[in-house]
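Reading the structure
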Amino acid sequence: MDVYDITIIGGGPTGLFGCFYAGLRGLKTKVIDVLPELGGQLTALYPEKYVYDVAGHPKILAKDLAKNLATQAAIFKPALCLGEKVQLIERIEHEGEMTWKVSSDKNENHLSKTVLLALGAGACVPKRLDLEVPAEWEDESIFYAVRSKERFRDKDVLIIGGGDSAVDWANEFSVLANKVTLIHRRDQFRAVQSSVEEMKRNKVNIKTFYELKDLHGNGQVNEAVIFDNRTGKEETLKVDALLINIGFVINLDFLRQWGLEMDKNAITVNEKMETNLPGVYSAGDIAAHAAKLKLIATGAAEAATAVNFAVTFINPQAKLYPGHSSNLNLSI
Ligand SMILES: Cc1cc2nc3c(=O)[nH]c(=O)nc-3n(C[C@H](O)[C@H](O)[C@H](O)COP(=O)(O)OP(=O)(O)OC[C@H]3O[C@@H](n4cnc5c(N)ncnc54)[C@H](O)[C@@H]3O)c2cc1C
C-alpha cells in the first residue's frame, strides 16, 4: 500500500490550500472528505453568497472561490477521496517506520507519514425539523442549505432561525422572493447586528418568539402553521419554500478518542500548527490557539504553516521556508 507524505482530512478552503502547498513542497498528498464535493462550508452552506475578505478577490461567489481553490489544489495531482468519512487515525509500525493509518467508513486504510486535520466544524449535519414530513418535500420545498437562489424566486418563503445564515438569506430573498417571513424562537439574534438592522429595513416579515408547529401540503409545502411560544396563539402562513437554518449537530467526541488534546470543540495546536500527536497538524476552523480567527484567510495561512512544518517533520534536514513561488515556472 502506498504511503503518502501527507494526508489532509477535510477538503474545505483550509484543506484545499494545504493540499496546494503540500504539492508545492513536493509532498505526495492525499485529500479525504466525507462530502461528495470539494469546498467545505463554501459549497455546502453558502455557495451563492459573495465573500469579500479573501486576499486578491474584492468580491467572489463562495462557489467560485471553492472552484478556484480546487483547481489550485489539483495542480500537483493529489489523490482525492470524496464521500469518505474518516473514523480513526492510529500510529502503527509499517515496514519499520512509524506511520499514520487513517481509516474511513468505506473500510479504506490510508497510510501517511503526516496528517493535516482540516475538519472545519467536523462532519456536521444541519439540525433537522422536529416534524414528520414526506421525504419528497425535501430539496423541493424544504431546504437546509441554499444551493441555488433561483429556487426561491417569486416564492412565499419561510425562514426559520436567528443566526447569520437565516438573517443573511432573509436579506437576499427580500428582493428575489414574493414574500419572506422569518421566524425565530427568541427576540435576540445570533446574527451580526448590522445584518439584523438591514433585515428590519428590508421587506421581511420578522416574527420573534414564533416557532413552527405544522406543515400542510400536497406534493409540496403549501402552508405553515406557526405559534407564538409565549401565548400559544397560532397563525397559518401560505408558504412554497422553507429554509431551515437552526444550526448543526456537531459531534467531535471521536477526536478525543484519537488521543488529541482538545479545547472545547477544537483541536489544540501550537504556533507550528502541531497537535499533541507526532506528525499530526491541524488548521482552519477546527484548530484552537490563542490568536484564533475562524476565517478563510487565516485558515489558508495556518494550512501553509502546518504543511511547511510537516515537511521538516518528514525530513528534518529540509528547509522550513518554502521560498517564493514566483521563482517557479509552473506550466498551468
Ligand atoms: C454562512 C457563512 C458565511 C461565511 N462567510 C465568510 C466570509 O465571508 N469570510 C470568511 O473568511 N469566512 C466566512 N465563513 C466562514 C468560513 O466558511 C470558514 O471559516 C471556512 O469554511 C473554514 O474552512 P475549513 O476548511 O477550516 O473548514 P470547512 O469549510 O468546514 O471544511 C471542512 C471539511 O472537512 C470535512 N470533514 C469534516 N470531518 C470529516 C471527516 N471525519 N472525514 C472526512 N471529511 C471530514 C467536511 O465535510 C468539510 O468539507 C462563513 C461561514 C458561513 C457558515
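Residues numbered from 1 in each chain as written. Predicted model: local features only at pLDDT ≥ 70, side-chain atom pairs only at ≥ 80, totals over all residues. Heavy atoms only, no water.

1. Notes on the packing of aromatic side chains
Aromatic ring pairs are reported here in terms of the distance separating the ring centres and the angle at which the planes meet. Under the criterion given, the structure shown has nine aromatic pairs. Considering the side-chain rings of F152 and F173, the 4.5 Å spacing of their centres and the 20° angle between planes classify their relative orientation as stacked. Here the residue F152 occupies a position in the loop between β10 (142-143) and β11 (156-160), and F173 occupies one in helix α4 (residues 164-173), the gap between them amounting to 21 residues. Geometrically, the ring pair formed by W169 and F173 is stacked, given 5.5 Å between the ring centres and 25° between the ring planes. You can see W169 and its partner F173 sitting in helix α4, four residues apart, about one turn around the helix. (Phe/Tyr/Trp six-rings, centres within 6.5 Å; stacked < 30°, edge-to-face > 60°. Helix = DSSP H or I, 4+ residues; strand = E, 2+ residues; numbered from the N terminus.)

2. Side note on the pairing of strand β8 (residues 109-117)
In terms of burial, β8 is largely enclosed, as seven of its nine residues are buried. Here six bridges tie strand β1 (residues 3-9) to β8, and the two strands are oriented parallel to one another. Across the sheet, the residue bridging to T7 is V115, located in β8. Here strand β7 (residues 97-104) runs beside β8; their pairing, made up of four bridges, is antiparallel. Within β8, the position partnered with S103 by the bridge is N109. (Buried < 20%, exposed > 50% of the residue type's maximum accessible area, 1.4 Å probe, protein only. Pairing = 2+ DSSP bridges.)

3. So, the sheet that holds strand β17 (residues 241-244)
If you trace the five strands from one edge of the open sheet to the other, you get β10-β17-β11-β12-β13, paired in parallel fashion. At either end of the open sheet lies a strand with only one pairing partner, and these are β10 and β13 (205-208). Here α4 sits on the sheet and contacts β11, β12 (179-184) and β17; the angle it forms with β11, its principal contact strand, is near 165°. (Contact = heavy atoms within 4.5 Å. Axes fitted to C-alpha atoms, helices over the stretch in contact; angles between N-to-C directions.)

4. Structural notes on the side chain of R25
For R25, the position within the fold is in the loop between α1 (13-24) and β2 (29-33). Buried R25, no salt bridge; nearest opposite-charge side chain is D5, N-O distance 11 Å. Other than its neighbours up to four places away in sequence, R25 contacts V307, N308, V311, K319, L320, Y321 and P322. (Lys, Arg positive; Asp, Glu negative; His and termini not counted. Salt bridge = Lys/Arg side-chain N within 4 Å of Asp/Glu carboxyl O.)

5. With respect to the domain arrangement of the protein chain
In terms of domain boundaries, the protein chain breaks down into domain 1 (3-124 + 250-327) and domain 2 (127-247). Computed over C-alpha atoms, the centres of domain 1 and domain 2 are 34 Å apart. Each partner contributes residues to the interface: domain 1 has eight residues there, and domain 2 has eight residues. Carbon and sulfur atoms make up 39% of the area that domain 1 and domain 2 hide from each other, which totals about 680 Å². Of the charged contacts, one joins E37 and R147 as a salt bridge, the two residues approaching to 3.0 Å between their closest N and O atoms. Linking domain 1 with domain 2 are three residue pairs in polar contact (both at pLDDT 80 or more), by the criterion used here. The residue makeup of the side of domain 1 that touches domain 2, split by class, is four nonpolar, one polar and three charged. (Domains from an automatic or database assignment. Buried area = accessible area lost by both parts, 1.4 Å probe. Polar contact = N/O pair within 3.5 Å; in protein donor to acceptor, adjacent residues only side chain to side chain. Nonpolar A, V, L, I, M, F, W, Y, C, P; charged D, E, K, R; others polar.)

6. Notes on the site of the ligand
Around the ligand, the structure places 31 residues, and the nearest of them are D33, Y46, D53, D285 and I296. Separating an oxygen atom of the ligand from a side-chain N or O atom of Y46 is a distance of 2.5 Å. Elements represented by at least two residues in the shell around the ligand include exactly α1 and β2. (Near = heavy atom within 4 Å.)

7. Considerations on the nonpolar core
If you look at the biggest cluster of nonpolar residues, it comprises 38 residues, and the most contacted ones within it are I6, I8, F17, L42, L65, L116 and V307. When contributions to this core are tallied by element, the ones reaching two or more residues are β1, α1, α3 (62-73) and α7 (296-314). Counting residues per element, this core draws most heavily on α7, at nine residues. (Core = buried A, V, L, I, M, F, W, Y, C linked by side-chain atoms within 4.5 Å.)

8. Focus: unusual backbone geometry
Residue K77 is not a glycine yet carries a positive backbone phi of 55°. Mapped onto the elements, K77 comes out in the loop between α3 and β5 (79-82). Positioned with a positive phi, E95 is a non-glycine residue whose angle comes to about 50°. Among the structural elements, E95 can be located in the loop between β6 (86-94) and β7. Given a relative accessible area of 74%, E95 falls into the exposed group.

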